[in-house]
Structure formats: C-alpha cells, structure tokens
Amino acid sequence: MSHRMKSVTFWVLLVVSVTSFPSSLALQNAISDPNLSLTMDYPDILSQGTEFVISSVVKANVDQISNITVTVSCPDLQIQQGGFHIDKLAKDSTFGNNFNATVRNGVPDGTFVANIDLEYYVKGLFDSQPVRHSVMQTAQFEVASKPLLALDLQAPSDVFSGEPFSIKGTIANKGSEMHDLLLSAYSSEVRLSGMKSLSITDLEPGKSTDFEFLVSTQKDIGDPISAVVHVNGTYSGDDGKSYSLDNSFNVFVRHRGLFEIGDANGIWVGQFFIAPVVGVGTIVSSVIGFLIFLWHYKNKKRKRRARKT
C-alpha cells in the first residue's frame, strides 16, 4: 500500500531553538544551526500492522564532522534496525538510510510519537579535540484503523426546472485506505436525472479526489419549490466493514419565465426573489430606444448642416 509522504527536518545547534508547525495530519518540528541537518520522510497516515519506511538523509554543512549516530525509538513501532553510524562526513556531502518499521497491533487510533536521537562530533578552529553535540527530537505519527472520508459540495442555490445544473464536490480520505466507494445524488422533493452517480475503486490515506454531477429536475414542477438534494454513498476499508457518507444542500427550483435569459441564481429580499435574468422585452426595448436615440442624433446633425448652408 502506497502512502503520501511527509517530511520532518532536524537541524542541530549548539544553542537549540524549537519551532512547531501544526498540521491536520502531523506535527512538523524544526531545529536549526549551521553544522548538520537530518531530514526524515514517512507516511502521513498509518494503520495497525502496516509495514512502512522512514527514510532519512544526513547532510554536513561544515568540515570536521565525525562519529554521527542517528537512532529512532518508539514503543508503538517495531523497527528492524533502530540506528546507524557514520564515521565521517565531508562538507556538503550526504548520507541516506532507511528504517524499516511496522506499527504494532493494538496501537489505538490517534497520534503517537517516536524519539529521534542525533549525536555528532565537530572540531572547531580553536578546539584541540572534537566536541560532542547531541539533540533529541520527537516525530509524530497518525494512526487510523478505518477510512474516514470528508465530503465537500459546491452547488447552485437556485435553478430552473428541467435545465441542467452542476454539483461539484471533493472527497478527502483522512483515515486508512478506502475501497469501492459508490456515490449518488437524490432528492425526495424533486426528480433528478442526468449524470448523478460515480464509483471510486480506491482512495489512499491523505489523498483527495474531485468529482462533478450534471443533473436536472423535471420540467413540470408546478409551483416553485425549495428542495433538499442529498449526496451520499457507501465505501469499505481494509477491515472489510462497510461505512456510509452523506452531505446535502438546499436548492430553489422554479420555472424560467417566457422572456427570461440568464442564470437562475439570485437572492431573496424579504418576500421578493431577485435573479440576475434579463427579459427579452427589456432587451428589445433597449435596442429600440437606442435606435430612436441614434435617429434623433443624426437628424439634429442634418438640421445643423442645413442652417450653416
């Protein structure tokens, strides 16, 4: 199972300062100084029993760095080899290492942390012997035993009956891997026809996908009506269980007037509905008015020329 990766960068200092950046999926900590950097990448979301890789890259920013040791420890992780050692690392050179880890069964859903221990020696210009430096930092992991989908919708609030309108949405998976999503739109107040369903085979943790339905109501609705449109569906997880997903929005449906051109979206002002539509009569009247104005304008110019002559 593939995962979207996140990055945590550690910079090692003589004087340590820590800045934390909150995230919806993880916490990213940065510690910095000019000597050495350690970058670690690992999946955003994990599930119990998942095997994954913590990839790390060490980079020397100065000369005379030696005896570098990196250790990862956590009671919630089973790590095949929890540390590695580098004898020397020249300035601007890098060294990479992968930690193969497994989330232990029984770890509860939520977050847990692993300790990252980094130790190195550096010999400064006025040092007779290399000086030891060390820092311990925590890396945060997110565990989810089931998929958790969030559904956001974008749809018009007003439509004309019998005419197509668009329902756009985004599905985001904030849990474990999802399978076999079936999604559809329906309403108990109006009949919806058109492209109103979709299926998604898989959605990985931390990933999202966009979709669009193109639907229309029946033409003969009678009086204008305020309807609720539901977008819901079912999906399953690696545990084989089935889960449900639901969201809804309100839409005002009415007939298009005989002389109306434009979109049905509008606003209510008290008991009056104002829509940005233009009547054909208004257009015709405007054209006739412009032609009359143009005729008067040209007629005046002709009279002025006649007076001069």
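Digging into the overall build of the protein
Then, number 1: Scanning the protein for helices and strands turns up one helix and 25 strands.
Then, number 2: Within the span of the protein, comprising 309 residues, buried residues form 36% of the whole.
Then, number 3: A total accessible area of about 17,500 Å² is found for the protein, and carbon and sulfur atoms account for 54% of it.

Quick notes on the pairing of strand 6 (residues 51-60)
Taken residue by residue, a regular strand's side chains alternate between the two faces of the sheet.
Then, number 1: The alternating pattern of strand 6 places Phe52, Ile54, Ser56, Val58 and Ala60 on a buried face and Glu51, Val53, Ser55, Val57 and Lys59 on a face that is not buried.
Then, number 2: Relative to strand 6, strand 4 (residues 36-43) runs antiparallel, the two being bridged by six bridges. Note on strand 6: the bridge partner recorded for Leu38 is Val58.
Then, number 3: Both strand 6 and strand 10 (residues 94-103) contribute to a ladder of nine bridges, which runs antiparallel. Counterpart to Val58 in the pairing with strand 10 is Phe95.

Details of the sheet that holds strand 20 (residues 225-237)
Then, number 1: With respect to topology, five strands assemble into an open sheet ordered 14-21-20-16-18, the strand pairing being mixed. Two strands lie at the open edges of the sheet, namely strand 14 (158-160) and strand 18 (197-203), each paired on one side alone. Strand after strand, the sheet turns through a mean of 30 degrees between neighbouring axes, direction not considered.
Then, number 2: Strand direction decides the pairing type here: strand 20 and strand 21 (residues 242-254), joined by 12 bridges, are antiparallel. Bridge pairing in strand 21 links Val231 to Asn247.

As for a negative patch on the surface
Then, number 1: The grouping of Asp180, Asp202, Asp238 and Asp239 at the surface amounts to a negative patch.
Then, number 2: Along the chain, Asp180 falls in strand 16 (residues 178-186).

Side note on the environment of Ser73
Then, number 1: The residue Ser73 is located in strand 7 (residues 65-73) in this model.
Then, number 2: Once residues lying within four places of it in the same chain are set aside, the contact partners of Ser73 are Ala114, Asn115 and Asp117.

As for the pairing of strand 19 (residues 208-217)
Then, number 1: Of the strand pairs in this sheet, strand 15 (residues 165-173) and strand 19 are connected by eight bridges, and their pairing is antiparallel. Bridge assignment links Ala172 to a residue of strand 19, and that residue is Ser208.
Then, number 2: Bridge analysis of strand 17 (residues 192-195) against strand 19 gives four bridges, and the strand direction is antiparallel. Note that in strand 19 the partner of Ser193 across the bridge is Ser216.

Considerations on the side chain of Thr217
Then, number 1: Positionally, Thr217 belongs in strand 19.
Then, number 2: Ignoring any residue separated from it by four or fewer positions in sequence, one finds Thr217 in contact with Phe160, Ser161, Gly162, Phe165, Val190, Arg191, Leu192 and Val253.

Digging into unusual backbone geometry
Then, number 1: Positioned with a positive phi, Asn67 is a non-glycine residue whose angle comes to about 50 degrees.
Then, number 2: Along the chain, Asn67 falls in strand 7.
Then, number 3: Given the relative accessible area of 35%, Asn67 is considered partly exposed.
Then, number 4: A positive phi angle is found at Asp180, which is not glycine, with a value near 55 degrees.

Observations regarding the nonpolar core
Then, number 1: Phe52, Val58, Ile68, Leu77 and Phe141 are the most contacted members of the largest nonpolar core, which totals 33 residues.
Then, number 2: Listing elements by their share of this core, those giving two or more residues are strand 4, strand 6, strand 7, strand 8 (77-79), strand 9 (83-89), strand 10, strand 11 (110-122) and strand 12 (131-143).
Then, number 3: The leading source of residues in this core is strand 11, at six residues.
Then, number 4: Counting 28 residues, the second-largest nonpolar core is a separate cluster that includes Leu151, Met178, Ile221 and Val229.

A look at the sheet that holds strand 17
Then, number 1: Strand order in the open sheet formed by four strands is 13-15-19-17, with antiparallel pairing between adjacent strands. With partners counted over all chains shown, the strands left at the sheet margins are strand 13 (149-154) and strand 17, one partner each. Shown here is a sheet whose adjacent strand axes are inclined to one another by a mean of 30 degrees, direction ignored.

About the thresholds
Throughout, residues of each chain are indexed from 1 in the direction in which the sequence is written. Where totals are concerned, whole chains, interfaces and linings use all residues; where local detail is concerned, this predicted model gives features only for residues with pLDDT of at least 70, and gives and counts side-chain atom pairs only at 80 or more. Computation of side-chain values: all heavy atoms of the structure, hydrogens and water removed. Working definition: helices are DSSP H or I runs of at least four residues, strands are E runs of at least two. Numbering for both runs from the N terminus. The cut-offs for exposure are 20% and 50% of the maximum accessible area for each residue type, with area from a 1.4 Å probe on protein chains only; residues under the lower value are buried, those over the upper are exposed, and the others partly exposed. Working definition of accessibility: Shrake-Rupley area with a 1.4 Å probe, residue cover restricted to the visible protein chains. Here, a strand pair is defined by DSSP locating no fewer than two bridges between the strands. Convention adopted: a line fitted to C-alpha atoms gives each axis, helices being fitted over their contacting stretch, and angles between N-to-C directions are expressed from 0 to 180 degrees. Surface patches are defined over residues having more than 30% relative accessible area and no salt bridge, joining like charges when they lie within 9 Å and nonpolar side chains (Val, Leu, Ile, Met, Phe, Trp, Tyr) when within 5 Å. Counted as salt bridges are all cases of a side-chain nitrogen of Lys or Arg within 4 Å of a carboxyl oxygen of Asp or Glu. Neither His nor the chain termini are counted; the positive set is Lys and Arg, and the negative set is Asp and Glu. Where a charge lies is defined by one atom per residue type: Lys uses NZ, Arg uses CZ, Asp uses CG and Glu uses CD. Contacts are assigned to residue pairs with any non-hydrogen atoms lying within 4.5 Å of each other. In these notes, a set of buried Ala, Val, Leu, Ile, Met, Phe, Trp, Tyr and Cys residues joined through side-chain atoms within 4.5 Å is what counts as a nonpolar core.

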